[in-house]
Amino acid sequence: MYEGAVQDLIDELGRLPGVGPKSAQRIAFHLLAADAADVRRLTDALTEVKLRVRFCEVCGNVAESERCRVCADPRRGDDVICVVEEPKDVVAIERTREFRGRYHVLGGAINPLDNVGPDDLRISELMSRLADGAVSEVIIATDPNVEGEATATYLSRLIGPMGLTVSRLASGLPVGGDLEYADEVTLGRAFEGRRVVGS
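Residues numbered from 1 in each chain as written. Predicted model: local features only at pLDDT ≥ 70, side-chain atom pairs only at ≥ 80, totals over all residues. Heavy atoms only, no water.

Novice: Tell me what's going on with the nonpolar core, and back it up with residues and numbers.
Specialist: C56, C68, C82, V84, I93, F99 and Y103 are the most contacted members of the largest nonpolar core, which totals 16 residues. Among the elements of the structure, α4 (69-72), β3 (80-84), α5 (87-96) and β4 (102-105) are those that each provide at least two residues to this core. Per element, the largest residue contribution to this core is three residues, and it comes from β3. If sequence neighbours within four positions are ignored, C68 has contacts with C56, C59, N61, V62 and A63. Among the nonpolar cores identified, the runner-up in size contains 15 residues, and V83, L106, I123 and L130 belong to it. (Core = buried A, V, L, I, M, F, W, Y, C linked by side-chain atoms within 4.5 Å. Buried < 20%, exposed > 50% of the residue type's maximum accessible area, 1.4 Å probe, protein only. Helix = DSSP H or I, 4+ residues; strand = E, 2+ residues; numbered from the N terminus. Contact = heavy atoms within 4.5 Å.)

Structure, rendered in structure tokens:
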């Protein structure tokens, strides 16, 4: 335990996701030793992001105006929507340069243990986007964990009766991985998603 402002800083840093007590202490002492200009740039960046960044009115991605850069891009296809949990997932998919459609960010996943149900996510907004008939396929790209699977199942049951193609990202063994280290769920998924090779 430290006194006053130092402990307050450690406590606040410790509230960040993925930052434990030791990491919070290490970051706090790094900031204490840093140049005042470096700390000022950090505080300016934090203030600026809270002032300028919002969520896209269409898809829920982060944006600095009413629409994010993907929704504002006229070259993107309107017939396919990729549903993800968080804005960081949009960035991950965009890095692949494989997807040229639109996104819909749910803002999380169904998680009864944390009291997160379908009404807490942007599912009604998704259904509104699908109602106009412009979309022919919905790709569900939620995380391959229990919450992501529950969300994907819920969405597929909700969207299925609309006559749209509903697909799920394949999951399985990572490139460079060893079979002996794969868990049962991952290995099972790899078997389900197997493809025919050769001719």
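Picking up where we left off.
Novice: Lay out the pairing of strand β5 (residues 137-140) with the relevant residues and their values.
Specialist: Direction of pairing for β3 relative to β5: parallel, over a ladder of four bridges. Bridging across to β5, V80 finds its partner in E137. Across four bridges, β5 lies against strand β6 (residues 165-168) in parallel orientation. Across the sheet, residue I140 finds its bridge partner in β6, namely R168. On the question of chirality, the crossover connecting β5 to the parallel β6 by way of helix α7 (residues 146-159) is right-handed. (Pairing = 2+ DSSP bridges. Right-handed = clockwise from strand over helix to strand, strands pointing away.)

Novice: An account of the packing of helix α6 (residues 123-130) against α7 is requested, with residue identities and associated values reported.
Specialist: Between two packed helices, the angle of one axis relative to the other and the distance separating the axes together describe the packing. Remark: α6 packs on α7, axes separated minimally by 12 Å, with the N-to-C direction vectors making an angle of 35°. For the element pair α6 and α7, the recorded crossing hand is right-handed. Touching I123, L126, M127 and L130 of α6 are Y154, L155, L158 and I159, all from α7. For the contact of α6 with α7, a count of residues per class yields eight nonpolar, no polar and no charged. (Axes fitted to C-alpha atoms, helices over the stretch in contact; angles between N-to-C directions. Left-handed = near helix turned anticlockwise from the far one by under 90°. Nonpolar A, V, L, I, M, F, W, Y, C, P; charged D, E, K, R; others polar.)

Novice: Residues and numbers for the pattern of salt bridges, please.
Specialist: Pairing between side chains of opposite charge can happen when the charged atoms of each approach one another. Under the defined criterion, the tally for this structure stands at 11 salt bridges. Here E64 makes a salt bridge to R52, at a shortest N to O gap of 2.3 Å. In this pair, E64 is assigned in the loop between β2 (62-63) and α4 and R52 in helix α3 (residues 36-52), connecting sequence segments 12 residues apart. Using a relative accessible area of 41% as the deciding quantity, one classes R52 as partly exposed. The shortest N-O distance in the salt bridge between R75 and D73 comes to 3.0 Å. Assessed through its relative accessible area of 12%, D73 is described here as buried. Connected via shared salt-bridge partners are E48, R52 and E64. (Salt bridge = Lys/Arg side-chain N within 4 Å of Asp/Glu carboxyl O.)

Novice: Explain the packing of helix α1 (residues 4-14) against helix α2 (residues 21-33) to me, and be specific about the residues and the numbers.
Specialist: Contact pair α1 / α2: the axes reach a minimum separation of 8 Å and the direction vectors enclose 130°. What the angle tells us is that α1 and α2 run oblique. When you trace α1 past α2, the crossing you get is right-handed. When α1 is examined against α2, the residues V6, L9, I10, L13 and G14 are found in contact with a partner set consisting of A24, Q25, I27, A28, F29, L31 and L32. (Parallel < 35°, antiparallel > 145°, perpendicular 65-115°, else oblique.)

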